[in-house]
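One-letter residues, chain by chain:
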Amino acid sequence: MSFPFMNPLSSVTPASPLPAGLAQHADVWRAAELGSHSLPALDTGYAPLNQVLPGGGWPQGTLVEMLQPQAGLHEWGLLAPALAAVQAAAPAKLVVLVGAPWLPFGPALGARQLNMQRVLCVRGQGPALLWATREALQCADVAAVLAWLPDARSAHLRRLQMAAHAHSQLLFVFRPLRAQLESSPAPLRLLLEGAAAEEGNLRVHVLKRRGPPLAAPLLLATRPARLSALLVASRERVRRRREEAGVLLPRLQPAQARVAFVPGEDAHAHALLDRIANIHHH
């Protein structure tokens, strides 16, 4: 699946130099440069992603909007390192999930160093989800809020942006691809797309940031290292067994080596591959 993107700066002429004193001012930003962001930033856990985000990480006190083809596909792989760091820094605080499409699978997230005893799930529909998100942002005992709001409008997101800024909260809002055509007050807007490549399994398109458009998406490896190793080992064992049986198979190219997982079922994939490994071992 590919997505067309426009480059709104392609026809912009270079800006004239700023006066020396003004150019050094912390609040002055030129659109052709990546903003430094005055808000605290949290390490994403992925160095290539840090390099293209203003401030060098996930901004606190602002709305980060993520669009994807299907809810539940890519959130945890992308956010788990940062959320684990948040919990380690403030173990008494909560990570609040509002309107999550699937109940989080504890063992899988625990393997990513998340403390599931400090994760609170809020279920609801429509306006109740927006209300719960705002309430969570105002709570001092909350470290981060993840909200799945497929039907939220720009005015709703603006109020959430204001609440996140007022309380310096870490806020991620997940929406479907159709929202790409709508205006958004989010200072940082990403599109997540699954990939099948040796270098990674997730493409991150930066749709909006405080800086120039990103020419190409980032390719990140967000699967747990153990799962990736099991996938490679399993494919190699199958290939060797067939070679021993006299059936020589061509080595699969990355684009052909696709593995499908049900959203939220990474732990089941772990268990399945463990069983495969044991069978082949014996």
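Here the structure is a predicted model, which is why all the values come from computation and not from measurement.

Caption draft 1: Geometry of the pairing of strand β3 (residues 62–68). Across the seven residues of β3, seven count as buried, placing the element largely inside the fold. Bridging between β3 and strand β7 (residues 170–176) involves seven bridges; their strand directions are parallel. Paired with Q68 across the bridge in β7 is P176.

Caption draft 2: Representation of the pattern of salt bridges within the structure. Scanning the model with the defined rule gives four salt bridges in all. Taking the shortest distance from any N to any O, the salt bridge between D151 and R178 comes out at 3.3 Å. Here R178 lies in the loop between β7 and β8 (188–197) and D151 lies in the loop between β6 (142–148) and α6 (154–167), a separation of 27 residues in the sequence. Given a relative accessible area of 60%, D151 falls into the exposed group. Across the pair R175 and E182 runs a salt bridge whose closest N-O atoms are separated by 2.9 Å. You can call R175 buried: its relative accessible area is 4%. Classification of E182 by relative accessible area gives partly exposed; the value is 34%. A network of salt bridges, in which partner residues are shared, links E65, R175, E182 and R189.

Caption draft 3: Spatial organisation of the pairing of β7. Within β7, seven of the seven residues are buried, leaving the element largely enclosed by the surrounding structure. Alternating residues of β7 divide into L170, F172, F174 and P176 and L171, V173 and R175, and every residue in both groups is buried. Relative to β7, β6 is paired through five bridges, and the arrangement is parallel. Residue pairing across strands places A144 opposite L170, the latter belonging to β7. Of the crossover connections in this fold, the one passing from β6 over α6 to the parallel β7 is right-handed.

Caption draft 4: Broad picture of the confidence of the model for the chain. Looking at the chain, pLDDT values average 80 and 70% of them are 70 or higher. Note that pLDDT drops below 50 for residues 1–15; the model gives that stretch 19 contacts with residues more than four away or on any other chain. Below pLDDT 50 for its whole length, residues 272–282 participates in 11 contacts with residues either more than four positions away or in separate chains.

Caption draft 5: Examining the packing of aromatic side chains more closely. Under the definition given, this model contains two aromatic pairs. Ring centres 5.3 Å apart and planes at 85° place the aromatic pair W58 and F172 in the edge-to-face group. Linking W58 in strand β2 (residues 58–59) with F172 in strand β7, this pair joins segments that are 114 residues apart in sequence. Here W58 falls in the buried class, since its relative accessible area comes to 0%. For F172, a relative accessible area of 0% gives the class buried.

Here is what the cut-offs are and how they apply
Residues numbered from 1 in each chain as written. Predicted model: local features only at pLDDT ≥ 70, side-chain atom pairs only at ≥ 80, totals over all residues. Heavy atoms only, no water. Buried < 20%, exposed > 50% of the residue type's maximum accessible area, 1.4 Å probe, protein only. Helix = DSSP H or I, 4+ residues; strand = E, 2+ residues; numbered from the N terminus. Pairing = 2+ DSSP bridges. Salt bridge = Lys/Arg side-chain N within 4 Å of Asp/Glu carboxyl O. Right-handed = clockwise from strand over helix to strand, strands pointing away. pLDDT = per-residue confidence, 0-100. Contact = heavy atoms within 4.5 Å. Phe/Tyr/Trp six-rings, centres within 6.5 Å; stacked < 30°, edge-to-face > 60°.

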